[in-house]
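Residues per chain are reported as follows:
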Amino acid sequence: MPDSLFGTPFIAAPMAGGTSTPALVKAVHKGGGLGFIAAGYKSAEAMTAEIAATRQLNIPFGMNVFVPDPRQLPPGPEDRALIKAYRKELEPEAARYGVTLPPLRLDDDDAWQDKIDALLADPVDFVSFAFGLPGKPVIHALHKAGSRVISSVTSVEEALAAAEEGPDAIAVQHGSAGGHTAAFLPGRRGQAARTTAELVAQVRNAVGLPVIAAGAITDSAALREVLAAGAVAAQVGTALVRTEESGARQLHKDALGDPSFKETAMTRAFTGRWARSLVNEFVRDHGDAPEGYPAIHHLTSPVRAAASAAGDPHRLNLWAGTGWKQAREGSAADVVREFLNGL
Ligand SMILES: Cc1cc2nc3c(=O)[nH]c(=O)nc-3n(C[C@H](O)[C@H](O)[C@H](O)COP(=O)(O)O)c2cc1C
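Predicted model, so just to flag it, every value in this text is computed and none were measured.

### Focus on the pairing of strand 11 (residues 275-278)
Note on strand geometry: in a regular strand, side chains alternate between the two faces of the sheet.
Now for step 1: Both strand 7 (residues 179-180) and strand 11 contribute to a ladder of two bridges, which runs antiparallel. In the strand pairing of strand 11, His180 is matched with Ala275.
Now for step 2: For strand 10 (residues 264-267) and strand 11, the ladder comprises four bridges, and the chain directions are antiparallel. Pairing of Thr267 across the sheet is with Ala275, part of strand 11.

Okay, here's the thing in structure tokens:
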């Protein structure tokens, strides 16, 4: 039963770093789903340009924004010392490609206020937030501008905090999900729930808001399961990364289909924020990477760029959920249809 808020039970996860594109939004819509673009790592101007390009399609879509973490802007002295030590640890990685690690950047809030101002001036259908809560005034202003708001959470405790601010829905992300955790309460990495459906049921019992389920939803059986647990829709990421319309690097797409990658793990090695990635050499070699997002994201950026240019998947962040083996190639429209036809 399509939910009236989103008009479909299939939502394409916002995927920053180039994966989400207007072409992906279009293909997902063609298949019967709702697409998102992602503002993370972009300037407000680049975000606005992408909204303009997506709007040309004349279809509903959403935009996703990272909420800056006040504890990391700037990091406290202890965290800063750990980040500096990690910079030293990374020097041989940079030397391997003849690149230089940049000085520490400790003040990047991902152009938060400029992005909110731009979204108020030029509203989109849906705005979702990750890594933190946007705050009541921002939600209120977005509502006045005509947007629906989604806050991302990873636990019942976070869902209760999110609900206080009055969003229209909450995206409930389980630990099986690919990419960064949306968690914002300290020490909230592993959840009590074993599966996405179980976490959805827990949150539904605690909070009276529409719930979007995220994490290892790889086929229509998994979609059915989260809908039965009370979700109104699923937010699917990894299953779309290899599609034609995904803007992910070819190296990332190929790694998802490469049987030499055997598992995923949560790692802070690439960005200083826990994220689920395929386990490659970089993940293995930097298992003790400290907390420090986005400082560590900036620190590893030249290494990742050089690895990408060299075609080396072992020094690149290969975001992947635990269901990565089911991600397939082809048009995203066909992938979405397959999910929906099986309902
Ligand atoms: C490559 C990639 C990039 C992602 N980027 C974002 C992002 O920018 N914002 C966000 O809220 N979630 C992001 N996520 C997480 C998704 O919203 C979602 O929680 C996750 O993909 C669901 O699990 P799955 O990958 O197993 O389908 C990303 C996930 C992946 C795989």
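Okay, back to it.
### What to know about the domain arrangement of the protein chain
Many authors give the size of an interface as the accessible area that is lost as the parts come together.
Now for step 1: According to the domain assignment, the protein chain consists of domain 1 (10-70 + 109-247 + 327-341) and domain 2 (74-107 + 262-317).
Now for step 2: Each of domain 1 and domain 2 was reduced to a C-alpha centroid, and the two centroids are 25 Å apart.
Now for step 3: Note on domain 1 versus domain 2: buried area summed over both sides is about 1100 Å², and carbon and sulfur give 50% of it.
Now for step 4: For the pair domain 1 and domain 2, the interface holds zero salt bridges.
Now for step 5: Inspection of the domain 1/domain 2 interface yields seven residue pairs in polar contact (both at pLDDT 80 or more).

### Comments concerning a negative patch on the surface
Now for step 1: A surface patch of negative charge is lined by Glu45, Asp107, Asp109, Asp114 and Asp117.
Now for step 2: Within the secondary structure, Asp109 sits in the loop between helix 3 (77-97) and helix 4 (112-121).

### Focus: the site of the ligand
Now for step 1: Near the ligand lie 20 residues; those nearest to it are Pro14, Asn64, Ala216, Gly237 and Thr238.
Now for step 2: Here a nitrogen atom of the ligand sits 2.8 Å away from a polar atom, N or O, in the side chain of Asn64.
Now for step 3: For the ligand, the protein covers 95% of the area, taking 590 Å² as the surface of the free molecule.
Now for step 4: Every element with two or more residues in the shell around the ligand is listed here: strand 3 (61-66) and strand 9 (233-236).
Now for step 5: Broken down by class, the residue content of the shell around the ligand amounts to 11 nonpolar, nine polar and no charged.

Definitions and cut-offs
Residues numbered from 1 in each chain as written. Predicted model: local features only at pLDDT ≥ 70, side-chain atom pairs only at ≥ 80, totals over all residues. Heavy atoms only, no water. Pairing = 2+ DSSP bridges. Helix = DSSP H or I, 4+ residues; strand = E, 2+ residues; numbered from the N terminus. Domains from an automatic or database assignment. Buried area = accessible area lost by both parts, 1.4 Å probe. Salt bridge = Lys/Arg side-chain N within 4 Å of Asp/Glu carboxyl O. Polar contact = N/O pair within 3.5 Å; in protein donor to acceptor, adjacent residues only side chain to side chain. Patch = residues over 30% accessible without salt bridge, like charges linked within 9 Å, V, L, I, M, F, W, Y side chains within 5 Å. Areas by Shrake-Rupley, 256 points an atom, 1.4 Å probe, with all protein chains shown as cover. Lys, Arg positive; Asp, Glu negative; His and termini not counted. Charge placed at Lys NZ, Arg CZ, Asp CG, Glu CD. Near = heavy atom within 4 Å. Nonpolar A, V, L, I, M, F, W, Y, C, P; charged D, E, K, R; others polar.

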